[in-house]
Structure formats: C-alpha cells, structure tokens
Amino acid sequence: GIQVEQSPPDLILQEGANSTLRCNFSDSVNNLQWFHQNPWGQLINLFYIPSGTKQNGRLSATTVATERYSLLYISSSQTTDSGVYFCAVETSGETSGSRLTFGEGTQLTVNP
Amino acid sequence: SAVISQKPSRDICQRGTSLTIQCQVDSQVTMMFWYRQQPGQSLTLIATANQGSEATYESGFVIDKFPISRPNLTFSTLTVSNMSPEDSSIYLCSVYRVLPPGKLFFGSGTQLSVL
C-alpha cells in the first residue's frame, strides 16, 4: 500500500514563530487532506488540497502532486496551534473503493 | 462542516465485555467510516459502513470483533466485542459531506479504556 511519511515527528516552537510541516507520499493520490488533532482529541479538517496552494488565515498548504509531497505552513504560531497535525491521502484500488491513509503525524508544541 | 455526534465520549470497561458506540450525523450520507487511534499513534480505518449492506472491513479487522450496524443514512453503531486491554483506543466515526466535496469530517471520538 501507499506510504505516507510526515516530518518532523516532533516540533517545539515559541509563540510567534513560523513553521513548515512536510508530508511525502509514495504513489499517485486522488487527494490530500491536512488535519489538526487538538489536545482533547478532536480532529479538525484544515485543508482539502489535491494540488496547488490554499490559505486559511495563518495557515496555508501547498501540494505538488507530481513530486508527491505537501507542505503545511503555520505562521505566527499561537499556543492554540498545539496538537498533532496529520496528513491523509486518498487512493483508489482495483478491488476496493477509495481509502484514506494517514501519516504518523507531527506533534507540535507552541510555548508561550 | 458536518455535525457528527458520537457517544459515549469515554468509557472504562472490564475485560470480556462489549461496548457499542453510536454515531449520529445531521444529514444523510452514503458512507460512514470507523477509525481506531491507539495511544500515541495515527488513525487506522476499521471499516466502511454503507446503508443497506454489510460493512466493508479493512485487513486485520473482523466482523465478529467489530460488528457494525447502519440502519439508515444518518446513523451507525460500532460494537467492540469481548474487549481486552489491547482494545484501549480512541474510536472515531467520520463522513464525507456533499459540500465541500471530498473533505472528511470526524466526530469527537470515544475514548475507551479496558481494564
């Protein structure tokens, strides 16, 4: 099956700093999504981004499908950005329907 | 975004017992998905629940252990049967919405601890 690798696995920032999270995938995908899991476990869909660049406030994401990677940018980080960031890619199999495969996540801690 | 209500939010259960988790969505959806997140790990798809047909299970998950019901287009249940401490995880239901297309939304999850 497809491999999804996220880096770095852990990241500690001071409030106000910027950061870039990376997601590499091993095969062609139908789409890619970024999620944030807050410290209470709730998963929030940040971006649906099969290709190109999208921005939402202090967050932006870029996917280069031909090179099989996506980047999530966090600018002016805040303590509320803490949590785990997952990327997930959708693939379709010949014998199965579409399926999302999640990376292992990046644990982000933003200190005041 | 979708409103997905999941309950219970957490439970502590004894070994050998079963727990049924409910997932209610505020609009009709074709497919509902059940995921497991073991402590400190990523999400793994357990099964896809389609209304009117049997659930489709992923490799490593079987119906006897994780029976699923999907009686209508807004509701599904996942049962964790004959539990052991290894079943201690967060269980999440999720759905795609028509708009925006392709985005997956999650319920708030059920934190299960098995003693």
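Details of the structure are given in the entry above.
The structure displayed is predicted, hence computed values, not measured ones.

A. Quick peek at the sheet that holds strand E3 (residues 19-25) of chain B. All names here are of chain B. In spatial order, the strands read E1-E3-E8-E7; together these 4 strands make up an open sheet with antiparallel pairing. Either end of the sheet is taken by a strand with one partner, and the two such strands are strand E1 (4-7) and strand E7 (68-72). Between one strand axis and the next, the sheet turns by 15 degrees as a mean value, whatever way the strands run. Looking at chain direction, E3 and strand E8 (residues 75-80) are connected through 6 bridges and run antiparallel. If you follow Cys23 over to E8, its bridge partner there is Ser76.

B. Up close: unusual backbone geometry. Residue A:Pro8 follows A:Ser7 across a cis peptide bond; omega there is -10 degrees. Residues B:Lys7 and B:Pro8 are joined by a peptide bond in cis, for which omega reads 5 degrees. Turning to its location among the elements, B:Pro8 is positioned in the loop between E1 and strand E2 (10-13). In this structure, B:Asn82 is a non-glycine residue whose phi angle is positive, near 45 degrees. Among the secondary structure elements, B:Asn82 is positioned in the loop between E8 and strand E9 (89-96).

Calculation criteria
Residues numbered from 1 in each chain as written. Chains lettered and ligands numbered in written order. Predicted model: local features only at pLDDT ≥ 70, side-chain atom pairs only at ≥ 80, totals over all residues. Heavy atoms only, no water. Pairing = 2+ DSSP bridges. Helix = DSSP H or I, 4+ residues; strand = E, 2+ residues; numbered from the N terminus. Axes fitted to C-alpha atoms, helices over the stretch in contact; angles between N-to-C directions.

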